[in-house]
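# Residue-level structural notes
In case you want the letters, here they are:
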Amino acid sequence: MNLNFLQSTRTPQPSPLTASQAEGNSQASIQSDQTELREQFWTRFTLDELTNNEWEALCDGCGSCCLIKYIDEDEDGNVDESLVEYTDVTCQLMDCATGYCRHYATRQEHVPDCIQLTIDNLPNMMWLPSHCAYKRLYKGQNLPSWHLLLTQDAVATQQQMRAANVGVAGRCVTEIGMDDDEMETRVVNWVKP
């Protein structure tokens, strides 16, 4: 087996919540963001039938995909999900307080090796967290009960995600200034592939 260091993978992330959303006005904002989404699209269409907006809406914004991880691959490049180790070290673009990418739209200009999650490369990315909507739908599972598409309430989703121990906000550190040896000591068990 080859132990590969994977810096991070960026999936679509929604914009950070505004103060008004966090204070409870999230419903109107969510509805306006979802005007181009087909009703319950995640249950009615396959992943390759989704529009770009629908694909983006699947992201729960947890930020786990942006954590630096260590992945064991066999000679054929297959990954055993149980051997993936996540660290609490994240990409230099991550805002560790909010858990969102600071430059999502232009992230590949800043980090050229950023991996864009697509329907084509998803089958090779089953090391994504077990709660990841992309992975769950690909495997024929439902969205997690706290997903924003189900709750329609950003505050409730954030609270339920915290209760489920999901998300990097407030518990990650930046890769800036950190060497490989230190990163290896920062493996965490709160992300489950």
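Criteria and thresholds
- Residues numbered from 1 in each chain as written.
- Predicted model: local features only at pLDDT ≥ 70, side-chain atom pairs only at ≥ 80, totals over all residues.
- Heavy atoms only, no water.
- Helix = DSSP H or I, 4+ residues; strand = E, 2+ residues; numbered from the N terminus.
- Buried < 20%, exposed > 50% of the residue type's maximum accessible area, 1.4 Å probe, protein only.
- Contact = heavy atoms within 4.5 Å.
- Areas by Shrake-Rupley, 256 points an atom, 1.4 Å probe, with all protein chains shown as cover.
- Phe/Tyr/Trp six-rings, centres within 6.5 Å; stacked < 30°, edge-to-face > 60°.
- Polar contact = N/O pair within 3.5 Å; in protein donor to acceptor, adjacent residues only side chain to side chain.
- pLDDT = per-residue confidence, 0-100.
- Salt bridge = Lys/Arg side-chain N within 4 Å of Asp/Glu carboxyl O.
- Lys, Arg positive; Asp, Glu negative; His and termini not counted.
- Pairing = 2+ DSSP bridges.

### A short note on the overall build of the chain
Within the chain, the secondary structure is distributed over eight helices and nine strands. By residue count, 44% of the 193 residues in the chain fall in the buried class. Taking the intrachain contacts of the chain between residues at least 6 apart in sequence as the baseline, contacts between residues at least 24 apart amount to 66%. Of the roughly 10000 Å² of accessible surface on the chain, a fraction of 45% belongs to carbon and sulfur atoms.

### Topic: the packing of aromatic side chains
Summed over the entire model, instances satisfying the criterion amount to two aromatic pairs. Centre to centre, the rings of Trp 55 and Tyr 134 are 4.7 Å apart; their planes meet at 50 degrees, and the pair counts as tilted. Of this pair, Trp 55 sits in helix α3 (residues 52-57) while Tyr 134 sits in helix α5 (residues 133-138); the two residues are 79 residues apart in sequence, bridging distant segments of the chain. The class for Tyr 134 is buried, based on a relative accessible area of 1%.

### A closer look at the side chain of Glu 175
Mapped onto the elements of the fold, Glu 175 is located in the loop between β8 (173-174) and α8 (180-184). Here Gln 92 takes part through its backbone nitrogen, which lies 2.9 Å from a polar atom of the side chain of Glu 175.

### Re the confidence of the model for the chain
Averaged over all residues, the pLDDT of the chain equals 82, while 80% of them reach at least 70. Scored below 50 in pLDDT, residues 1-32 makes 96 contacts in the model with residues more than four places away or belonging to other chains.

### Description of the pattern of salt bridges
According to the stated counting rule, one finds two salt bridges in the structure shown. Glu 54 serves as the salt-bridge partner of Arg 38, at 2.6 Å between the closest nitrogen and oxygen. Within this pair, whereas Arg 38 is found in the loop between α1 (19-33) and α2 (41-44), its partner Glu 54 is found in helix α3, the two being separated by 16 residues in sequence. Taking relative accessible area as the criterion, Arg 38 reaches 30% and is therefore assigned partly exposed. By relative accessible area, which is 0% here, Glu 54 ends up buried. Note that Asp 88 and Arg 186 form a salt bridge whose closest N and O atoms lie 2.7 Å from each other. On the criterion of sequence distance, the pair formed by Asp 88 in strand β4 (residues 85-90) and Arg 186 in the loop between α8 and β9 (187-188) is long-range, its members being 98 residues apart. With relative accessibility at 12%, the residue Asp 88 sits in the buried group.

### Let's talk about the side chain of Arg 107
Structurally, Arg 107 can be placed in helix α4 (residues 107-110). For Arg 107, which is buried and forms no salt bridge, the nearest opposite charge comes from Glu 56, at a distance of 6.2 Å. Within polar-contact distance, the side chain of Arg 107 engages the backbone oxygen of Tyr 104 at 2.6 Å.

### A few points about the pairing of strand β3 (residues 67-73)
With six of seven residues buried, β3 is to be regarded as a mostly interior element. Alignment of β3 against β4, held across three bridges, turns out to be antiparallel. Bridge pairing links Leu 67 to Thr 90 in β4.

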